[in-house]
Amino acid sequence: MSSETSSHKPRVAVVFGGRSSEHAISVVTAGAVLAAIDRDKYDVLPIGITTDGRWALTADDPARMAITDRRLPSVAELAEGGDGAVVLSADPTTREVVYSEPGAVPKALGEVDVVFPVLHGPYGEDGTLQGLLELSGVPYVGSGVLASAVGQDKDYMKRVFTSFGLPVGPYEVVRPREWDTDPAAARKKIVDFAAEHGWPLFVKPARAGSSMGISKVDDLAGLDAAIEEARRHDPKIIVESLLRGREIECGVLEFEDGPRASVPAEIPPVTAHDFYDFEAKYIDSAAGIVPAPLTDEQTAEVRALAVAAFDAASCEGLVRADFFLQDDGEFVINEINTLPGFTPISMYPRMWQESGVSYQELVDRLLEAALRRSTGLR
């Protein structure tokens, strides 16, 4: 082996931003990840995706990627080089990244060894980016195409969990065609669900995260506005009944010997908000309790359920699993996030910090796990 080859540092492309309503949170997450990557071990290439889908070279400047005075950052503010675009080759025999500008000769930026995608929501967390990276033959952090798609769609996620015998709460789904062809019947479907399970309800976009587009509906009067808000983010909506109990979260991380669960955390009731919404999570910095005050038996149960959910959806790398501990003492899984937030106040890194894995080690383990895996069927 030549000295040049032996001294080669793997090159990490941190891809962030994107076209979803979670664009700003992705930028914040990317800033934290960029600050944590060991630059003695890895070379780094930050690539931002604008809200209209252009891949842009961006400043490697984590300080500019934070929420400041309640102001959310964007890729457009960080993009360098005017209207230039970054292109990743779809040829699996090369991992070349090319930068092109109108009227100029494309410039090769070298090869990428691994991608750390920190995009949340559609067009990033839902298997679309993962499919592109599979075509390109580039390893990447996190779950593959199927698990990412299942983890993004709350409808199919719950169907998968149910098929594996995992406990889920009552829900109803209204698909785009149902609403487009007969909105009155679709609305009656929700009203009938409320009659069976009671008010209040949560009306959600089926394929969004960070509590985007979610409304708590206390009675019939607020239903239409909630449906409209959810459909603003996704034409497919899901309706869930209120589960009375405590909100418990648990992180799963892929180690060399398989997935392990972190200590769990509890999201306490947020008195200034109706529920744990976007403002509570990212603007007002609602604090979770880590570790959650659970019995040893409850802690063991929720950790086992988190790993079972990880395996049921064929996840890889990392997952944050969210549960309700109901008043009757039973756990119900609410959802999983295959690319949970890595912001400074995010629960996933906080749970692993309490479990003995620092933020920097967490990022390093995720990159190492991605480099160990091949692309393609596995």
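Residues numbered from 1 in each chain as written. Predicted model: local features only at pLDDT ≥ 70, side-chain atom pairs only at ≥ 80, totals over all residues. Heavy atoms only, no water.

Caption draft 1: Seen up close, the environment of Leu-367. For Leu-367, the location among the structural elements is in helix α13 (residues 359-372). On a C-alpha basis, the gap between Leu-367 and Asp-38 in space is 11 Å, while along the polypeptide they are 329 residues apart. Filtering out sequence-adjacent residues up to four positions away, Leu-367 remains in contact with Val-12, Ile-37, Tyr-42, Val-114, Phe-116 and Val-141. (Helix = DSSP H or I, 4+ residues; strand = E, 2+ residues; numbered from the N terminus. Contact = heavy atoms within 4.5 Å.)

Caption draft 2: Helix α4 (residues 128-136), seen in detail. By the burial criterion, the buried members of α4 are Leu-129, Gln-130, Leu-133, Glu-134 and Ser-136. One side of α4 holds all its buried residues, which, seen down the axis, span an arc of 165°. Where the residues of α4 are buried, they touch β3 (55-57), β4 (85-88), β7 (114-117) and α5 (145-152). (Buried < 20%, exposed > 50% of the residue type's maximum accessible area, 1.4 Å probe, protein only. Arc of directions from axis to C-beta.)

Caption draft 3: Highlighting the packing of aromatic side chains. Counted under the stated rule, the structure contains five aromatic pairs. Taken together, the aromatic side chains of Phe-116, Phe-342, Tyr-348 and Tyr-359 make up a single cluster linked through ring pairs. Directly above the aromatic system of Tyr-123 lies the positively charged group of Arg-19, at a separation of 3.9 Å from the ring centroid. Above the ring of Tyr-171, the side-chain terminus of Lys-158 is found at 5.7 Å from the ring centroid. (Phe/Tyr/Trp six-rings, centres within 6.5 Å; stacked < 30°, edge-to-face > 60°. Lys NZ or Arg CZ within 6 Å of the ring centre and 35° of its normal.)

Caption draft 4: Seen up close, the sheet that holds strand β5 (residues 96-100). Spatial strand order, β4-β5-β6: three strands in an open sheet with antiparallel pairing. Whereas interior strands pair on both sides, the edge strands pair on one side only; in this sheet they are β4 and β6 (107-111). Sheet twist, expressed as the mean angle between neighbouring strand axes with direction ignored, is 25°. Two strands pair when backbone bridges link them, and β5 and β6 are joined in this way by three bridges, in the antiparallel orientation. (Pairing = 2+ DSSP bridges. Axes fitted to C-alpha atoms, helices over the stretch in contact; angles between N-to-C directions.)

Caption draft 5: Expanded view of the nonpolar core. Residues Val-14, Phe-16, Ile-37, Phe-116 and Leu-367 are the most contacted members of the largest nonpolar core, which totals 33 residues. Broken down by secondary-structure element, the contributors of at least two residues to this core are β1 (11-17), α2 (23-36), α3 (75-78), β7, β12 (245-255), α12 (347-354) and α13. (Core = buried A, V, L, I, M, F, W, Y, C linked by side-chain atoms within 4.5 Å.)

Caption draft 6: Looking closely at empty space enclosed by the protein. Here the structure, examined in full by the defined rule, presents two cavities of 30 Å³ or more. Computed from the structure, the second largest cavity encloses a volume of approximately 60 Å³. Listing elements by their share of the lining of the second largest cavity, those giving two or more residues are β1 and α4. Of the residues that constitute the lining of the second largest cavity, the class distribution is 10 nonpolar, no polar and no charged. (1 Å grid on protein atoms, 1.4 Å probe; cavity = no way out; pocket = protein on both sides within 12 Å on 5 of 7 lines; lining within 4 Å. Points joined across faces, edges and corners; volume = space filled by probe spheres on them. Nonpolar A, V, L, I, M, F, W, Y, C, P; charged D, E, K, R; others polar.)

Caption draft 7: Here's a closer look at the pairing of strand β16 (residues 331-337). Among the seven residues that make up β16, seven are buried, leaving the element largely enclosed by the rest of the structure. Sheet topology note: the strand β15 (residues 318-326)/β16 ladder contains six bridges and is antiparallel. Its bridge partner being in β16, Arg-320 is matched across the sheet by Asn-337. Between β15 and the antiparallel strand that follows it, β16, lie four residues; Gly-329 among them carries a positive phi value of about 90°.

Caption draft 8: Seen up close, unusual backbone geometry. Cis geometry is adopted by the peptide bond preceding Pro-200, which originates at Trp-199 and carries an omega value of -5°. Along the polypeptide, Pro-200 turns up in the loop between α8 (183-197) and β9 (201-205). Cis geometry is adopted by the peptide bond preceding Pro-291, which originates at Val-290 and carries an omega value of -5°. Along the chain, Pro-291 falls in the loop between α10 (278-283) and α11 (296-312). Despite not being glycine, Tyr-123 shows a phi value in the positive range, around 65°. Inspection of the secondary structure puts Tyr-123 in the loop between β7 and α4. On the basis of relative accessibility, which here comes to 43%, the residue Tyr-123 falls in the partly exposed class. Phi is positive for Ser-314, close to 60°, though the residue is something other than glycine. Residue position: Ser-314 is located in the loop between α11 and β15.

Caption draft 9: Highlighting the environment of Gln-298. Looking at where Gln-298 falls in the secondary structure, it is placed in helix α11. In contact with Gln-298, not counting residues within four places along its chain, are Leu-325 and Phe-331.

Caption draft 10: Region of interest: the pattern of salt bridges. All chains considered together, the criterion is met by 28 salt bridges. In this structure, Glu-368 and Lys-41 form a salt bridge, with 2.6 Å as the shortest nitrogen-oxygen distance. Placement of the pair is Glu-368 in helix α13 and Lys-41 in the loop between α2 and β2 (43-49), with a sequence separation of 327 residues. By relative accessible area, which is 27% here, Glu-368 ends up partly exposed. Note on Lys-41: relative accessible area 31%, which makes it partly exposed. (Salt bridge = Lys/Arg side-chain N within 4 Å of Asp/Glu carboxyl O.)

Caption draft 11: Examining the layout of surface pockets more closely. Within this model, the second largest pocket holds a volume of roughly 200 Å³. Along its surface, the second largest pocket is lined by Glu-134, Tyr-140, Gly-144, Val-145, Leu-146, Ala-147, Ser-314, Glu-316, Gly-376, Leu-377 and Arg-378. Of the residues forming the lining of the second largest pocket, the biggest block, three residues, is contributed by α5. Taken together, the residues of the lining of the second largest pocket sort by class into five nonpolar, three polar and three charged.

Geometric descriptors of this kind do not, in isolation, establish any biological role.
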